[in-house]
Amino acid sequence: TVFRVDDPKYAVFNVNGTSYTMIGALKQKQYKAVYIMVGVNELGYPADSYETGLAAFVDKVVEAQPNAVVYLQIMPPINDALARKNGLADYICNANLSVFNEALIRVAKEKRVVLLNTAEVYTDENGQLQADIAADGCHFTSGGYPRWIEYLRCHVIDTGRYFYYRDLAEEVPET
């Protein structure tokens with residue numbers, strides 16, 4: 001979760017035989033891009049604390065990867081009927097998810113990182129996760145991953161343009 005990315009109790013990333021937190025692992029090498037997709041685990045938290053935690057997480061990623069383009073991805077929809085059928089917690093629903101996605105949009109704007117609407121490749125005409133790729137209502141079957149990969153491949157920003165607009169945004173005060 002966004003609340004445990006720098007918590008020493010969650011040093012679960014192994015890099016060359018050493019355990020690191022997510023942020024610690026990111027500091028081990030510089031990347032050209034960092035993609036962030038937070039999942040439904042966050043939906044059980046209050047939305048305002050999630051937004052604060054997500055903002056702090058993005059700050060830590062930008063600090064750890066100052067030369068990388070940072071992409072923040074909209075959470076994919078839930079298939080509410082399948083989620084209920086499979087006994088998932090009541091808070092795992094599209095009504096709650098939309099509140100969290102709105103917080104995610106605000107954080108992307110505030111932190112001046114790229115926002116990707118990856119959810120558009122999974123959403124049916126009713127705003128639900130397409131049933132044919134919804135294993136339990138919120139997790140993808142194997143058929144969902146190629147869509148995600150293709151979306152990410154086709155939605156990139158030039159590094160120079162990214163940093164130009166980030167720097168420009170820092171120089172222009174909001175009115």
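The following paragraphs examine the structure supplied in this document.

Let us now look at the overall build of the protein. Helix and strand content of the protein: 6 helices and 5 strands. Ordering the α and β elements of the protein from the N terminus gives β-β-α-β-α-β-α-α-β-α-α. Over its C-alpha trace the protein gives a radius of gyration of 17 Å, about what one expects of a compact globule, namely 16 Å for 175 residues. By principal-axis analysis of the C-alpha atoms, the protein measures approximately 45 × 45 × 30 Å. Here the protein holds 175 residues, and the buried ones make up 40% of them.

Here we come to the sheet that holds strand β3 (residues 33–36). Strand order in the open sheet made by the 3 strands is β3-β4-β5, with parallel pairing throughout. One side of each edge strand has no neighbouring strand; the edge strands of this open sheet are β3 and β5 (114–116). Sheet twist, expressed as the mean angle between neighbouring strand axes with direction ignored, is 25 degrees. The pairing of strand β4 (residues 69–73) with β5 spans 3 bridges and is parallel. Directly across from leucine 72, in β5, lies its bridge partner leucine 115. Set on the sheet, helix α4 (residues 94–111) makes contact with β4 and β5; between it and β4 the angle comes to about 165 degrees.

So, about the packing of helix α2 (residues 47–64) against α4. Two elements in contact, α2 and α4, have axes whose closest approach is 9 Å; the angle formed by their N-to-C orientations is 35 degrees. Our pair here, α2 against α4, has a crossing hand that is right-handed. For the pair formed by α2 and α4, the contact residues are Ala47, Tyr50, Glu51, Leu54, Ala55, Val58 and Asp59 on the first element and Val99, Phe100, Ala103, Leu104, Arg106, Val107 and Lys111 on the second. Tallied by class, residues from the contact of α2 with α4 come to 10 nonpolar, no polar and 4 charged.

This part is about the packing of aromatic side chains. With the rule as written, the count across this model stands at 9 aromatic pairs. Ring plane angle 5 degrees and centroid distance 4.4 Å describe the contact between tyrosine 35 and tyrosine 71, whose orientation is recorded as stacked. One end of the pair, tyrosine 35, is in strand β3; the other, tyrosine 71, is in strand β4, with 36 residues separating them in the sequence. Looking at tyrosine 35, the relative accessible area reads 35%, which means it is partly exposed. Residues tyrosine 50 and phenylalanine 100 carry aromatic rings whose centres are separated by 4.8 Å and whose planes lie at 45 degrees to one another, so their mutual orientation is tilted.

Of note in this structure, asparagine 16 is not a glycine but carries a positive phi near 50 degrees. Relative to the helices and strands, asparagine 16 is located in the loop between β1 (13–15) and β2 (18–20). Not every positive phi belongs to a glycine, and arginine 112 is a case in point at roughly 55 degrees. Position of arginine 112 relative to the elements: it lies in the loop between α4 and β5.

A few words now on the pattern of salt bridges. Inspection of every chain in the model, using the stated rule, returns 7 salt bridges. Residue aspartate 6 pairs with lysine 60 through a salt bridge whose shortest N-O separation is 4.0 Å. On the criterion of sequence distance, the pair formed by aspartate 6 in the segment before β1 and lysine 60 in helix α2 is long-range, its members being 54 residues apart. Residue aspartate 6 is classed as partly exposed on the basis of its relative accessible area, which comes to 37%. For glutamate 110, the salt bridge goes to lysine 111, with nearest N and O atoms at 3.3 Å. Under the relative-accessibility criterion, lysine 111 is labelled buried at 14%.

Rules used in this analysis
Residues numbered from 1 in each chain as written. Predicted model: local features only at pLDDT ≥ 70, side-chain atom pairs only at ≥ 80, totals over all residues. Heavy atoms only, no water. Helix = DSSP H or I, 4+ residues; strand = E, 2+ residues; numbered from the N terminus. Rg over C-alpha atoms; globule rule 2.2 N^0.38 Å. Buried < 20%, exposed > 50% of the residue type's maximum accessible area, 1.4 Å probe, protein only. Pairing = 2+ DSSP bridges. Axes fitted to C-alpha atoms, helices over the stretch in contact; angles between N-to-C directions. Contact = heavy atoms within 4.5 Å. Left-handed = near helix turned anticlockwise from the far one by under 90°. Nonpolar A, V, L, I, M, F, W, Y, C, P; charged D, E, K, R; others polar. Phe/Tyr/Trp six-rings, centres within 6.5 Å; stacked < 30°, edge-to-face > 60°. Salt bridge = Lys/Arg side-chain N within 4 Å of Asp/Glu carboxyl O.

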